[in-house]
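Okay, here's what each chain looks like letter by letter:
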Amino acid sequence: MKELLTPKKLIIRTASALAVLVVVMLVCSLIGTESVSLKEVFSGAGIQTRANPDYEIFVQFRLPRIILACLVGAALACSGVVFQALLRNPLADPYILGISSGAGLGAIIAVICGFNWTVWGRSPIAVFAFAGALGTVWLVWFIGRLTGKFHVTGLLLAGVVVNAFFSAVIMFLTSIAKSQQVYSTIFWLMGNMAEEDFLVLWIGAGCVVGGITALFYISPQLNALSFGEADARSMGVNIAGTQIIAFAIAAAITAIAVSLSGLIGFVGLIVPHAVRLVFGPDHRQLLPLSGIFGAIFLVIADTLARIIVAPAQLPVGVVTAIVGGPFFLALLVKYSRKVSWLK
Amino acid sequence: MNKWWWLFLILSCWMAAGFAIFGPLQGQNCGDTALPARAERIVSLAPNLTEILFALGLEKEISRVTLDSDYPPAAAQKPNVGTFWQPNIEAVIAAKPDLVITLGFHQQKNIAERLKQIGYNTLTVNIEKVNDLFKAIEKIGAATGKQLQANELATNIRKKLDRLSTLVGTEEKVRVLWVVQREPLRVAGRDTFVNEMLEVAGGENAIGRTVHKYPPIGAEQVIVCGADVIIEPAMAQEDPARQQNRALQYWSKFENLPAVANKRIYVIPGDTVSRLGPRLYEGTETIARCLRPELFEN
Amino acid sequence: MNAIIEVENLNFGYTPQNTILKDISFEVIQGRFLAIAGPNGAGKTTLLNLLCGLLRPKAGSIRIDAAPVESYSVKKLAQKVAVVRQEFIPVFDFTAAEMVSMARTPYLGTFGFEDKTDKRMVNEALEATDTSQFALRALGSLSSGERQRVFIARALAANSPVLLLDEPTSFLDLKHQVGIYDLLKTAQLEKGKTIVAVTHDINLAAQYCDEILLLGADGNYHIGETKDVLSPEQIEKVFGVRIFVGSLGQEKFFIPLGKFAKDSGQIAGKPHNIQQEQKQ
């Protein structure tokens, strides 16, 4: 596993992982509170609305939800990889630089102002959450830059401060808002997979996959960057350029993920680590594989969330934490010999 | 062309294809849009909606309800589609409904929109004040072909409320503190249907106008509110007698309140007063019995 | 041979008021081994960072291979100049081979994979530094000496004409100190690399380097052949400490003498011939 990565190895691993993803998606789409038979699904939609509920449940609810889980899982995992590389910190996750509180603030503002218009049928909460996430992350970037050009510590501190400040603002707004709205928002923020319409999924998929591909293009630079800026520079890496591109893409795909499904934790933190433990830290491989395994993880977690306490649904974030924690521990114990900083 | 241009090109084609395929479908409402004259498979997503449907005589037509629809007892026997807070949309579809009735708050409104998009008949009603209730009964009656029964129900409730109002008279109003939650302390404000019930029952909210509908309040406000009566709607799970004891214990520290001094602290069954539905009169009468017990001596 | 590094009237300071390097000019001929030595704070590392383009001079110019450092893109500069700094354990557990192959980043193909040449360079570098047996081990599992050799292997794999090193043997034991300098000297002699090494150890500098640049704390500097510049008077002036100079064949060695040295105050800068004394 530790020999130099070759294109052939990467293709084989990625293809295998994709195959696993497809199988998982198929199996999970047939699991749910209602039993759906594939035969009914293939016989197509009935002429009238209520003729073929199996088909409708599958196509209108199961499939979009599973696709959404793939998208969000891939986006969060890859974003986690990037932030861990940029900040050279294994504890970094996609929300570390203010995205979570920014999205929350956007959502609460949308709810309080009582906007009713929709963008393409998307509720204003999602749009505002997206804008809030993106805006906050650029604010943190800007503040971080003030502390010195490439100072990672400055970025981290700025992130912590902004997160704290915005969280306080969120609590303030929550306390003065009318209770009904607030419950809705908090529930939304806990992370949930709401069924989306296909256009949104299509666009979202394009953005996320496109973003991951772009990150793959700069993987060698990310490898070098994880050594430190001075080192990376001596290896011919344009540090500012790489940082900005990586940062922008990671922030964008995370904002998309958050605006579609609220805040789902754990995926962005542990999937990169798990993949790194098994396959190594080379980003050319870490990125695509983290994306695929993030998707697999979230699809499974969401399926569990749907069936464990049926007919109610658990917030997905709860399942990711409960499922992810022990799984990661097991992985850590098995591969800990290879991890130097645990010695 | 280098790899970045290729990426940009493929991405642009992807987005364009997306709009081409799915764009025209936006805002399209496929499926039948006309409400049937008589709905035969109704799904109700809230307990008060279920009560209304039963009151209109639609028991047979109700296909599914939510887990918390427990009145009348027959309702609890119906198969469920999740809770009113988190309805299971798949179960709704599996029920092959020809009419889905939902409330108007964010989650349920989204579900209604989603179902409408696919082509199901939905009816969304907002029931937050007493007037809303009467309007909702009317709408549901119209949607299910039970206009007569709806009228009768609404008139019935109004008559009984008026009678109570007359009985109570215009004497001095009893100051009531309506406690929704004890820790942290949350009360019903003036802008709620609870307040409306209080006023018909001869009471007056001990709390003045507030920004929130159900504001959290501090001990100071409790001390100065001068409530004559404290009412707490009971929580379904707990034994009402124990709740009454605990309530007495809790409030004993506010000894200067007339309510505490006169031991007028009531824990009443929650259903009829927390749910704005056809049992509006029953709930209001229960409150009146607490406020003006002397009127019901006979 | 022509000069591959030309420094002209270099001025630099971290703050506008403070100037560490004043009007420094020198050149390094291709294929030579230059040591930069001096007391702490004189600006040795600063000078190195200026040479590799990490810092910009306040005044003056630095040219690498006849073109100003600023004119190089980061990628092109990496192909000309490789830098070795203090070894460290990276946050993520890359293997030695992965780390060395990162030196090939400026040469990678479209999708960022190494081709035959890159792999060959990596293998040669690992062999030259005697680290092939660590190729598949994580950097964190190696000793400091082994890790420093891997860092040097990375610089060698870049196949650049110039090698800059910042105190490559600071924390290493005697055997590794000599080992690393042997390695560098071999690279210089066999591959014609130009090497500039910042070092605290003037003895090693004397043993291995052709030229030495002595940077004083006051901004004065002396540059020239090692044997010429390293005179006891010069060293005493620059470092401000009493020096005992001894010779062993063609090698000279320098020992600093402090307050508690048991030389009975005999040394005032005169060379002392050990072999002679042993005969007596």
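Residues numbered from 1 in each chain as written. Chains lettered and ligands numbered in written order. Predicted model: local features only at pLDDT ≥ 70, side-chain atom pairs only at ≥ 80, totals over all residues.

A word on the sheet that holds strand S10 (residues 221-225) of chain C. Hydrogen bonds between backbone atoms are what pair the strands of a sheet, whose relative direction is either parallel or antiparallel. Residue and element names in this part refer to chain C. The six strands are arranged S6-S7-S8-S3-S9-S10 in an open sheet whose pairing can be described as mixed. Each edge of the open sheet is held by one strand with a lone partner, namely strand S6 (81-84) and S10. Each strand of the sheet is rotated relative to its neighbour by a mean of 15°, with strand direction disregarded. (Pairing = 2+ DSSP bridges. Helix = DSSP H or I, 4+ residues; strand = E, 2+ residues; numbered from the N terminus. Axes fitted to C-alpha atoms, helices over the stretch in contact; angles between N-to-C directions.)

The next subject is the interface of chain B and chain A. Accessible area lost upon the coming together of the parts serves often as the stated size of an interface. Each side of the interface is counted separately: chain B has 35 residues, and chain A has 30 residues. The element contributing the most residues to the side of chain B that touches chain A is helix H1 (residues 3-22) of chain B, with seven residues. When its residues are assigned to classes, the side of chain B that touches chain A shows 16 nonpolar, 13 polar and six charged. (Contact = placed C-beta atoms within 7 Å. Nonpolar A, V, L, I, M, F, W, Y, C, P; charged D, E, K, R; others polar.)

Residue and element names in this part refer to chain B. In this fold, Arg275 is placed in the loop between helix H12 (271-274) and helix H13 (280-291). In this structure Arg275 comes out as buried when scored by C-beta crowding, with 23 C-beta atoms within 10 Å. Sequence-wise, Arg275 and Asn48 are 227 residues apart; in three dimensions their C-alpha atoms are separated by 6.1 Å. Arg275 has contacts with Pro47 and Asn48, leaving out every residue within four places of it along the chain. (Buried ≥ 20, exposed ≤ 12 C-beta atoms within 10 Å, placed from the backbone.)

Let us now look at the packing of helix H4 (residues 116-128) of chain C against helix H5 (residues 144-157) of chain C. Residues and elements named next belong to chain C. Here H4 crosses H5 at 140°, and the two axes come no closer than 8 Å. Regarding the angle of H4 to H5, the classification is oblique. Like other packed secondary-structure pairs, H4 and H5 cross with a definite hand, here right-handed. Together, Met121, Val122, Ala125, Leu126 and Ala128 of H4 and Ala153, Leu156 and Ala157 of H5 make up the contact between the two elements. Classifying every residue of the contact of H4 with H5 gives eight nonpolar, no polar and no charged. (Parallel < 35°, antiparallel > 145°, perpendicular 65-115°, else oblique. Left-handed = near helix turned anticlockwise from the far one by under 90°.)

Residue and element names in this part refer to chain B. Split into domains, chain B comes out as domain 1 (42-157) and domain 2 (170-296). Its C-alpha centre places domain 1 at a distance of 29 Å from the equivalent point of domain 2. Counting residues at the interface gives 13 residues for domain 1, matched by ten residues for domain 2. Put simply, the parts of the chain that give the side of domain 1 that touches domain 2 at least two residues each are helix H2 (47-55), helix H6 (130-144) and helix H7 (147-168). The residue inventory of the side of domain 1 that touches domain 2, partitioned by class, reads nine nonpolar, one polar and three charged. (Domains from an automatic or database assignment.)

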